[in-house]
Amino acid sequence: MKAAVYYSNGDPSVLVYEDVADPVCHPKGVVIRVEAVSIEGGDTLNRWRGPLVTTPHIVGYQAAGEIVEVGAEVTHLKVGMRVATVDAFGSHAELRPVPARNCWPIPAGLDPAKAAVVPVAFGTAHECLFGRGGLKAGEVALIQAGASGVGIAAIQLAKQAGATVLATASSDERLDRLKAYGLDHGINYTRDEVAAEVKRLTGGKGADVVVDSVGGTTLQGSIDSLAYRGRLSMVGAAGREAMKVDVGSLMGGNRSLSGVFLGAEIITDRVHDMIQGLIEDVAAGKLDVVIDRRFALSEAAEAHAYIESRQAVGRVVLVP
């Protein structure tokens, strides 16, 4: 099969498109013929500095496609079914082996590319807002990096929950595009100081729930944006900077900071069923998956470079 692989960490240019051995199906797993790869922030971070589990290494969490082989111990999935999948690596390829537990059936008529985006982006957003954030109707939610895949998912989910939604992005143009998904107030972080703007927009109160997928120096601004008893969900390190914060700044306002890693709970019934429900909502038109651009799998290096240019609004997808 063809795959986008690398032999050492580095910038997007380390990705090369070449032939590799076809995967072997595990008795408890399936093999899919990949129809779409959703490139995650973690994929670019792993390419940059993550461990090479295999050599050459095939990076990638998420992909969707048609099952072409089923393991001997798998009974609930069949050859020919289309599924969205998540695993620690292996998405950037024509064929992908994955544990059966990490598969979610795709409803008829749903674009596999949109289904591929849902588990990590929407699942993470849901966990940050509700599982850890406890967001309720009438509260204020701040979404850092609102134009990202997690950001757009969080904006929609927070708005549907009855929250007032604030989000940050690098330009007014990107913020304007987010209004269609439920954004109430946008903050251009290249121009405005985020915490001060949050306080201004909320009459001095601050945000009840903050979702921060950037980390680095942005994380302290997220803490400073919290209301009294505000809850901050930290998920990811897109900023690629050390996360140094003044934990004392949490104490005076009885604020809380929670780390979120969906992968640690993705095989639980709670999270597995939550993700399936989100896929069903996308299929029913209740949630919208935003795909900024689609690249051929052979263009993986260009796709990663495009993501790192921070031009995208939503997810970037590879199509074998």
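Our subject in this report is the structure included herewith. (Residues numbered from 1 in each chain as written. Predicted model: local features only at pLDDT ≥ 70, side-chain atom pairs only at ≥ 80, totals over all residues. Heavy atoms only, no water.)

### With respect to unusual backbone geometry
Then comes step 1: A cis amide bond links Thr55 with the next residue in sequence, Pro56, at an omega value of -5 degrees.
Then comes step 2: Within the element layout of this structure, Pro56 appears in the loop between helix H1 (41-49) and strand E4 (62-70).
Then comes step 3: Phi is positive for Ala145, which is not a glycine, with a value near 55 degrees.
Then comes step 4: On the secondary structure map, Ala145 appears in the loop between strand E8 (140-143) and helix H3 (149-160).
Then comes step 5: Note on Ala145: relative accessible area 22%, which makes it partly exposed. (Helix = DSSP H or I, 4+ residues; strand = E, 2+ residues; numbered from the N terminus. Buried < 20%, exposed > 50% of the residue type's maximum accessible area, 1.4 Å probe, protein only.)

### What about the pattern of salt bridges?
Then comes step 1: Tallying each qualifying case throughout the model produces 19 salt bridges.
Then comes step 2: As a salt-bridge pair, Glu139 and Lys136 come within 3.8 Å of each other at their nearest N and O atoms.
Then comes step 3: For Lys136, a relative accessible area of 49% translates into the label partly exposed.
Then comes step 4: Note that Lys159 is salt-bridged to Asp184, the shortest N-O span being 2.8 Å. Of this pair, Lys159 sits in helix H3 while Asp184 sits in the loop between helix H4 (172-178) and strand E10 (185-188), placing them 25 residues apart in sequence.
Then comes step 5: Where salt bridges share partners, they join Glu127, Glu265 and Arg270 into one cluster. (Salt bridge = Lys/Arg side-chain N within 4 Å of Asp/Glu carboxyl O.)

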